[in-house]
Amino acid sequence: FNLFVVRGGQVLPDQVSDPGINRIVFSQDQPGRLFSLDTTSTLFDIRSINITDMGAELSPVVIGGLASTFNGSFTYAAGRLFFSNGIVADGQQLTQIGSFERFGSLLTSSVVVRPEASRAYLYSAFSGELYVFDLNQYYRIAQAQLPVSAGLSARAVLWGQDGIAI
């Protein structure tokens, strides 16, 4: 993984090069901050990447244990990190603040969040199940078995104003 910052047509000198980082999410309310998942460790470490006037800087602080699978995903919304294993973490402190109730297959492959609707959607490509949770109380609102056989690489993504797509 290589991260370069380009400003004004010029590549800034500080760059991040780390073979373990393979997923990046952006922090909408913390300009200049990214989060990354390091899959070289079985702790599935979360690291912070700060964008400065000199480029990108990988934080030496490593938070382990929030993500729980190489195939999982995470996203950032409303000041929180949401992981496909159901864990919810504070986006500033990178500490767990809650989790969605245990649900079906632990092989969920993606999580998408709609803060304006107070909803989180966790999708299991392994089982084809979609789980809908209340974003603030962490309880399950709905569950649906989708007629898909896309395999473990399928992901849920936000679509339109109020939809998701698989």
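These numbers were taken from a predicted model, which means no experiment stands behind them.

S.K.: What exactly am I supposed to notice about the pattern of salt bridges here?
M.R.: Pairing between side chains of opposite charge can happen when their charged atoms approach one another. Under the defined criterion, the tally for this structure stands at 3 salt bridges. One salt bridge connects Asp134 with Arg119, and the closest N-O pair in it is separated by 3.9 Å. One end of the pair, Asp134, is in strand β15 (residues 129-134); the other, Arg119, is in strand β14 (residues 119-124), and 15 residues separate them in sequence.

S.K.: Sorry if this is basic, but what is going on with the sheet that holds strand β13 (residues 110-114) here?
M.R.: Picture the strands of a sheet paired through backbone hydrogen bonds; they go either parallel or antiparallel. Across the sheet, which stays open at both edges, the 4 strands sit in the order β13-β14-β15-β16 with antiparallel pairing between neighbours. Here the strands that pair on one side only, and so sit at the sheet edges, are β13 and β16 (140-145). Averaged over all adjacent pairs, the angle separating strand axes in this sheet is 15°, with direction ignored. Pairing geometry for β15 and β16, over 5 bridges, is antiparallel. Following the sheet pairing, Phe133 is matched in β16 by Arg140.

S.K.: Would you mind showing me how to read the nonpolar core here?
M.R.: Within soluble globular proteins, side chains that are nonpolar tend to cluster in buried spots. Ranked by size, the top nonpolar core spans 12 residues in total: Ala77, Phe82, Val88, Phe100, Val111, Val113, Ala120, Leu122, Tyr131, Phe133, Leu135 and Tyr138. When residues of this core are traced back to their parent elements, those giving at least two are β13, β14 and β15. Among residues more than four places away in sequence, those in contact with Phe100 are Phe82, Gly86, Val88, Ala120, Leu122, Phe133, Asp134 and Tyr138. One finds Leu37, Ile46, Leu81 and Ala89 within the second-largest nonpolar core, a separate group that totals 11 residues.

S.K.: Honestly, the environment of Phe35 in this entry has me stumped. Any pointers?
M.R.: Locating Phe35 in the fold gives a position in strand β6 (residues 33-38). Between the C-alpha atom of Phe35 and that of Ile21, which follows or precedes it by 14 residues, the distance is 9.8 Å.

S.K.: Help me understand the packing of aromatic side chains in this model?
M.R.: How two aromatic rings sit relative to each other is given by the distance of their centres and the angle of their planes. Counted by the stated rule, this structure contains 5 aromatic pairs. An angle of 70° between the planes, with centres 5.6 Å apart, marks the rings of Phe100 and Tyr138 as edge-to-face. Within this pair, whereas Phe100 is found in the loop between β12 (96-99) and β13, its partner Tyr138 is found in the loop between β15 and β16, the two being separated by 38 residues in sequence. As far as burial versus exposure is concerned, Phe100 and Tyr138 are alike and both buried.

The rules behind these values
- Residues numbered from 1 in each chain as written.
- Predicted model: local features only at pLDDT ≥ 70, side-chain atom pairs only at ≥ 80, totals over all residues.
- Heavy atoms only, no water.
- Salt bridge = Lys/Arg side-chain N within 4 Å of Asp/Glu carboxyl O.
- Helix = DSSP H or I, 4+ residues; strand = E, 2+ residues; numbered from the N terminus.
- Pairing = 2+ DSSP bridges.
- Axes fitted to C-alpha atoms, helices over the stretch in contact; angles between N-to-C directions.
- Core = buried A, V, L, I, M, F, W, Y, C linked by side-chain atoms within 4.5 Å.
- Buried < 20%, exposed > 50% of the residue type's maximum accessible area, 1.4 Å probe, protein only.
- Contact = heavy atoms within 4.5 Å.
- Phe/Tyr/Trp six-rings, centres within 6.5 Å; stacked < 30°, edge-to-face > 60°.

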